[in-house]
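Structural features, examined
Chain by chain, the residues run as shown.
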Amino acid sequence: MDSFKQLSIRSWSTEDDTFDYIVVGTGPGGGPVAVNLAEAGYSVLLLEAGQNLTSEYSQLVPALIGEAQWDEAQGWWFYTSDYSNSTQTARNDKLVWLQPDGEYWVGQNPPEGSTQLGVWYPRAGTLGGCDTHNGGLTVRPSNWDWDNIANLTGDESWGHDLMLTYFERLERNLFLPPGTPGHGFSGYQPVGRGDKSLFEKEPQLLAITQGSAVALGFTARSASTDYNVLAKPDINEPLPDRDFQNDVYQISFKKDERGRRFSSGSRVNQGVEKGLPLTVRFNSLVTKVQINDDLRATGVEYLEGESIYMADPRALKNNTATPRTATAKREVIVSGGTFNTPQILLLSGIGPADELNKHDIPVVVDLPGVGRNLRDHYEVPVIQEFPNNFTFWDSCVAPEGQVNPCFQEWETNGTGPWSTLGFDKFVLATSSVAPRGERDLILYGAPDGILGHLPPYTNYTGHLADVTAASNVYTYTVSESHPRNQAGAITLRTANPRDVPEIKFEYFTDGGDDDVQGLVDGIVLARSIFSSVPGLNGTTQEVYPGPEYSTQEQLRQFVRDQAFGHHASSTAAIGGDDDPLAVLDSRFRVRGVQGLRVVDMSAFPVTPGTFPLISIFMLSEKASDAILEDAAAV
Ligand SMILES: Cc1cc2nc3c(=O)[nH]c(=O)nc-3n(C[C@H](O)[C@H](O)[C@H](O)COP(=O)(O)OP(=O)(O)OC[C@H]3O[C@@H](n4cnc5c(N)ncnc54)[C@H](O)[C@@H]3O)c2cc1C
């Protein structure tokens, strides 16, 4: 494992600071593009603000994703605003406050004199971006997600059939029979799943899967004890009516033949290992794209230094940084992610003129859509208490000084509980307000008490402490695809590139009543599942939101109070020529500037359905093709 680290670091410095392409950011957007361009023979400089931690166990062991999210060396921790209204904001159990004594408080009713900081929104500032601490759940979006881009731009190459070929190209499926339609078996991205026998032998998990099938009306299937019968193995099966199917599915996620998580960071390591003309520089925070008088991107300015961005929990204002520049002969590709790509564009003078003027940044292109249209999937948890502790992790304890047997099994064979994420199934369903009548709810379940994303310093007492620490609870998190809100925005707080931008989601502003209703429908479905679990005869009870939330009105308020998200998108969106808020054209080119593209989650006009990761990898392959085609045409 160490060899990966060495190989990447070996390419750390080069005397020649001119490259064909410069790519900023190594997440699922930027990492694969950089490798693809280098594979085509072009020299590529890949700049990453964080470090290479891909050989850390928290990035390799599927079960340790929580540790990765809490690791200060990997994290960029943002504090976001869900509402402008501070009274509504204060009703959130996950809100972080700063107490007068400088300590954090998480939840409602903080000590007198505390100030609202925001909702903890973990991102990863490290090789691989958020792909290193995410679940890696691999769900293709709905056909509409691609067809919508084709319709908005008139570019038919975005049609869903063509986009499927990118999935087939990048996937290396490890559990379906080779040749299964709609899948790839030789791509760089390994897709595996948890060992089904682990989910079958845990009696309560099996019963919840059976209850899930009952609640969706699959009575005959629900009697089975075979996980393959209860939960469909292939969530990405390209059926004609896939986007309208309500069903229970097994969880597939990115892990390789040895049970190791695979991220876009792993992809970059592979590129370096192959000896491609790919130079990766870490601790390199890009502060500006250089644009000449002909409005062509010619290179970047960046700061070299460790933990210099203020979202890094270890950052201090006085950490030292050395200014550097690098030149791109062909193009600069910005892939800093939904929060950082707009920040980089704004700092480069590309964005709404009034905002740039406010910060005395010379306007290069007045592009009003930069930082606007911030979107996310909404999510809410339903947590049910069961009579017995879940035994799923029971074998994963060892006396002090001895090796954890689950670690040993994972390391030796790539199997066992640690080769899973702990999440055991998805339920896909259609709410009463589903756009186009497509399934719009994805419930993902785990034997754990999960309120949402909580920072490591969370200091709950009482009921919330009990719920989050309990071993006899199961959470179905209800996530809503295609929510309607597009009122969020990323704006600069200051012109200092080390400062974090202002991140305001403005939850439920557009189409809020429908979006709230969709989530309420999801809670009702989760309740129906839990009440359908066989053999428990009323011995379970809901502990969050809890039975006191019984009416639709009470549930609507719960949704407004506790909704959260972790799939932020769309702040440098692709759009049609007639759309004044379009930042990119359909070939990822920043409007008004030559030689500059954006390839990451911010490019999607709408957050792609369910889990977006695979959509970004597909987008990244498409962008690579567009860039290479344009290079060949010159
Ligand atoms: C906690 C969490 C869990 C998730 N789980 C899932 C999941 O299970 N399935 C799923 O489909 N999706 C999941 N997601 C979403 C998914 O991980 C992200 O949507 C995806 O990683 C975004 O990719 P990206 O390339 O746009 O940006 P990022 O992954 O954010 O990568 C951006 C990279 O750019 C670097 N960077 C930023 N600014 C600069 C700069 N100025 N200079 C140099 N480098 C810079 C960052 O350090 C980072 O490495 C999850 C997200 C989070 C936060």
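Just so we're clear, the structure is a prediction, and the values are computed from it rather than from any experiment. The residue count restarts for each chain, going from 1 along the sequence in the order it is written. In keeping with the predicted nature of the model, local features appear solely for residues at pLDDT of at least 70, side-chain atom pairs appear and are counted solely at 80 or more, and the whole-chain, interface and lining totals rest on all residues. By convention in this description, side-chain values take in all heavy atoms of the structure and omit both hydrogens and water.

1. Re the overall build of the protein
Note the following rule: Each helix is a run of H or I in the DSSP string that is no shorter than four residues. Each strand is a run of E no shorter than two, and both are numbered from the N terminus. The globule rule is 2.2 Å times the number of residues to the power 0.38, and the radius of gyration it is compared with is taken over C-alpha atoms. To sort residues, take the accessible area from a 1.4 Å probe on protein chains only and compare it with the maximum for the residue type: under 20% means buried, over 50% means exposed, and anything in between is partly exposed.
Along its length, the protein carries 19 helices and 24 strands. Whereas a compact globule of 634 residues would reach a radius of gyration of roughly 26 Å, the protein reaches 24 Å, a difference of no more than 12%. Taken along the three principal axes of its C-alpha coordinates, the protein extends 75 × 60 × 55 Å. Buried residues in the protein amount to 63% of all 634 residues.

2. Concerning the packing of aromatic side chains
Given two aromatic rings, their pairing is described by the distance between the two centres and the angle made by the two planes. As a reminder of what qualifies: Aromatic rings from Phe, Tyr and Trp, with only the six-membered ring used for Trp, were paired whenever their centres fell within 6.5 Å, and each pair was classed as stacked if the ring planes differed by under 30 degrees, edge-to-face if by over 60, and tilted otherwise. A ring is scored as having a charge over it whenever the NZ atom of a lysine or the CZ atom of an arginine sits within 6 Å of its centre and within 35 degrees of its normal.
Counting across every chain of the model gives 38 aromatic pairs. When the centroid spacing of 5.8 Å and the interplanar angle of 45 degrees are considered together, the rings of Phe 426 and Phe 611 count as tilted. On the criterion of sequence distance, the pair formed by Phe 426 in strand β18 (residues 425–429) and Phe 611 in the loop between β24 (596–598) and α19 (613–633) is long-range, its members being 185 residues apart. Linked through ring pairs, Trp 76, Phe 78, Tyr 83, Tyr 121, Tyr 309, Phe 339, Tyr 378, Phe 505, Tyr 507 and Phe 508 together constitute an aromatic cluster. Across the ring face of Trp 144, the terminal group of Arg 436 is positioned such that the distance to the ring centre comes to 3.8 Å.

3. A few points about the pattern of salt bridges
Side chains that differ in sign of charge can pair as their charged atoms come close. As a reminder, the rule being used: By convention in these notes, a salt bridge is any Lys or Arg side-chain nitrogen within 4 Å of a carboxyl oxygen on Asp or Glu.
Inspection of every chain in the model, using the stated rule, returns 33 salt bridges. Between Lys 274 and Glu 39 there is a salt bridge, with its nearest N and O atoms 2.4 Å apart. Highlighted residues: Lys 274 in the loop between α12 (264–273) and β11 (278–281) and Glu 39 in helix α2 (residues 30–39), separated in sequence by 235 residues. The partner of Glu 200 in a salt bridge is Lys 196, with the nearest N and O atoms 2.7 Å apart.

4. Digging into the packing of α2 against α12
Packed helices, taken two at a time, are described by their axes: the angle between them and the distance between them. The test is simple: Every angle, taken between N-to-C directions, lies between 0 and 180 degrees, and every axis is a line fitted to C-alpha atoms, over only the stretch in contact when it is a helix. By the definition adopted for this analysis, an angle is roughly parallel if under 35 degrees, roughly antiparallel if over 145, roughly perpendicular if from 65 to 115, and oblique otherwise. If you view the pair so one helix is near and one far, a crossing is left-handed when the near helix is turned anticlockwise from the far one by less than a right angle, and right-handed when it is turned clockwise. By definition, residues are in contact when any of their heavy atoms lie within 4.5 Å. Under the scheme applied, nonpolar residues are Ala, Val, Leu, Ile, Met, Phe, Trp, Tyr, Cys and Pro; charged residues are Asp, Glu, Lys and Arg; polar residues are all the others, including Gly.
Between α2 and α12, the shortest axis-to-axis distance is 8 Å and the interhelical angle comes to 20 degrees. Considering their axes alone, α2 and α12 lie roughly parallel with respect to each other. α2 and α12 meet at a crossing whose hand is left-handed. For the pair formed by α2 and α12, the contact residues are Gly 31, Pro 32, Val 35, Asn 36 and Glu 39 on the first element and Ser 264, Arg 267, Val 268 and Gly 271 on the second. For the contact of α2 with α12, the residue count by class is 3 nonpolar, 4 polar and 2 charged.

5. Some words on the state of the cysteines
As used here, a disulfide is simply a covalent bond connecting the sulfur atoms of two cysteines. Spelled out, the test is: Pairs of cysteine sulfur atoms within 2.5 Å are what we label disulfides.
Summed over the entire model, instances satisfying the criterion amount to 1 disulfide. The side chain of Cys 396 participates in a disulfide bridge whose partner is Cys 406; the two sulfur atoms lie 2.1 Å from each other. Disulfide Cys 396-Cys 406: torsion about the S-S bond near -80 degrees, hence left-handed. Residue Cys 396 is located in the loop between β17 (378–385) and α15 (405–413), and its partner Cys 406 is located in helix α15; the two are separated by 10 residues in the primary sequence.

6. Examining the site of the ligand
Convention followed: Near is defined per residue: the residue qualifies when any heavy atom it owns lies within 4 Å of the molecule or strand. What qualifies as a polar contact is a pair of N or O atoms within 3.5 Å, subject to a donor-acceptor requirement within protein and to the restriction that residues adjacent in sequence count only when both atoms come from side chains. Only the protein chains shown count as covering a residue, and every accessible area follows the Shrake-Rupley method with a 1.4 Å probe.
Near the ligand you find 41 residues, and of these Glu 48, Arg 123, Cys 130, Val 286 and Leu 613 are the closest. Within the backbone of Gly 136, an N or O atom sits 3.1 Å from an oxygen atom of the ligand. Backbone polar atom of Val 286 to a nitrogen atom of the ligand: 2.8 Å apart, as the coordinates give it. Relative to its unbound accessible surface of 1000 Å², the ligand loses 98% to contact with the protein. Those elements that place two or more of their residues in the shell around the ligand are β6 (115–124), β12 (284–291), α13 (340–347) and α19. Class assignment for the residues of the shell around the ligand results in 17 nonpolar, 20 polar and 4 charged.

7. Quick notes on a nonpolar patch on the surface
Note the threshold: Like-charged residues are merged into a patch within 9 Å and nonpolar side chains (Val, Leu, Ile, Met, Phe, Trp, Tyr) within 5 Å, provided each residue has over 30% relative accessible area and no salt bridge.
On the surface, Leu 98, Tyr 104 and Leu 117 cluster together to form a nonpolar patch covering roughly 210 Å² of accessible area. Here Tyr 104 shows up in strand β5 (residues 104–106).

8. Considering the packing of helix α9 (residues 203–215) against helix α17 (residues 512–531)
Close contact between α9 and α17 brings their axes to 7 Å; oriented N to C, the two are set at 120 degrees. Comparing the axis directions of α9 and α17 gives the class oblique. For the element pair α9 and α17, the recorded crossing hand is right-handed. Each of Ile 208, Gly 211, Ser 212 and Ala 215 in α9 lies in contact with α17, whose residues at this interface are Ser 528, Ile 529 and Phe 530. Tallied by class, the residues present in the contact of α9 with α17 amount to 4 nonpolar, 3 polar and no charged.

9. Observations concerning the confidence of the model for the protein
What counts, and what does not: Scored from 0 to 100, pLDDT reflects the predictor's confidence in each residue.
Looking at the protein as a whole, the pLDDT averages 95, with 97% of positions reaching at least 70. Put simply, helix α1 (residues 2–10) is where the protein has its lowest mean pLDDT, 36, and β24 is where it has its highest, 99. In this model, residues 1–15 is a region of pLDDT below 50 whose contacts with residues beyond four sequence positions or in other chains number 33 contacts.

10. Overview of the side chain of Lys 255
Spelled out, the test is: Residues counted as positive are Lys and Arg, residues counted as negative are Asp and Glu, and His and the chain ends are not counted.
One can find Lys 255 in the loop between β10 (252–253) and α12. Buried within the structure, Lys 255 lacks any salt-bridge partner; its nearest side chain of opposite charge belongs to Asp 256, at an N-O separation of 8.2 Å. For Lys 255, the side chain forms a polar contact with the main-chain oxygen of Ser 419, separated by 2.8 Å.

11. A word on the sheet that holds β17
Using the following cut-off: When DSSP finds at least two bridges between two strands, those strands are taken to pair.
Spatial strand order, β9-β18-β19-β20-β17-β23: 6 strands in an open sheet with antiparallel pairing. Edge positions in the sheet fall to β9 (247–249) and β23 (541–544), since each has one partner strand and no second. Averaged over neighbouring strand pairs, the angle between their axes works out to 25 degrees when direction is ignored. Looking at chain direction, β18 and strand β19 (residues 441–446) are connected through 5 bridges and run antiparallel. Among the inter-strand pairings, Val 427 is bridged to a residue of β19, identified as Leu 443. In the packing of α9 onto the sheet, the strands contacted are β9, β18 and β20 (473–480), and the crossing angle to β18 comes to about 15 degrees. α17 rests against β17, β18, β19, β20 and β23 of the sheet, and its axis sits at about 150 degrees to β20.

12. Some thoughts on the environment of Gly 107
Within the element layout of this structure, Gly 107 appears in the loop between β5 and β6. Counting along the chain gives 334 residues from Gly 107 to Leu 441, while the straight-line C-alpha distance between them is 27 Å. Setting aside residues no more than four positions away along its own chain, Gly 107 makes contact with Asn 92, Asp 93, Leu 95, Trp 97 and Tyr 460.

13. Here's the deal with the domain arrangement of the protein
Note the threshold: Each domain span listed reflects an automatic or database assignment of domains. Accessible-area loss on putting two parts together, using a 1.4 Å probe and summing over both, is the definition of buried area adopted here.
What the domain assignment reports for the protein is domain 1 (2–58 + 126–138 + 265–374 + 570–601 + 617–633) and domain 2 (188–260 + 376–497 + 517–562). If you average the C-alpha positions of domain 1 and of domain 2, the two centres end up 33 Å apart. Across the contact, 29 residues belong to domain 1 and 28 residues belong to domain 2. Where domain 1 abuts domain 2, roughly 2300 Å² becomes buried across the two surfaces, and 62% of that area is made up of carbon and sulfur atoms.

14. Digging into the nonpolar core
Spelled out, the test is: For this analysis, a nonpolar core means a set of buried residues of the types Ala, Val, Leu, Ile, Met, Phe, Trp, Tyr and Cys, connected via side-chain atoms within 4.5 Å.
In terms of nonpolar packing, the biggest core is built from 77 residues, with Trp 158, Leu 278, Val 300, Ile 350 and Leu 596 touching the most fellow members. No other element matches the 9 residues that α19 contributes to this core. If we ignore the near neighbours within four places in the chain, the residues touching Val 300 are Ile 22, Val 24, Leu 47, Val 286, Lys 288, Val 289, Gln 290, Arg 324, Thr 325, Ala 326 and Val 332. Of all hydrophobic cores here, the second largest spans 70 residues; its members include Val 106, Leu 285, Val 467 and Leu 555.

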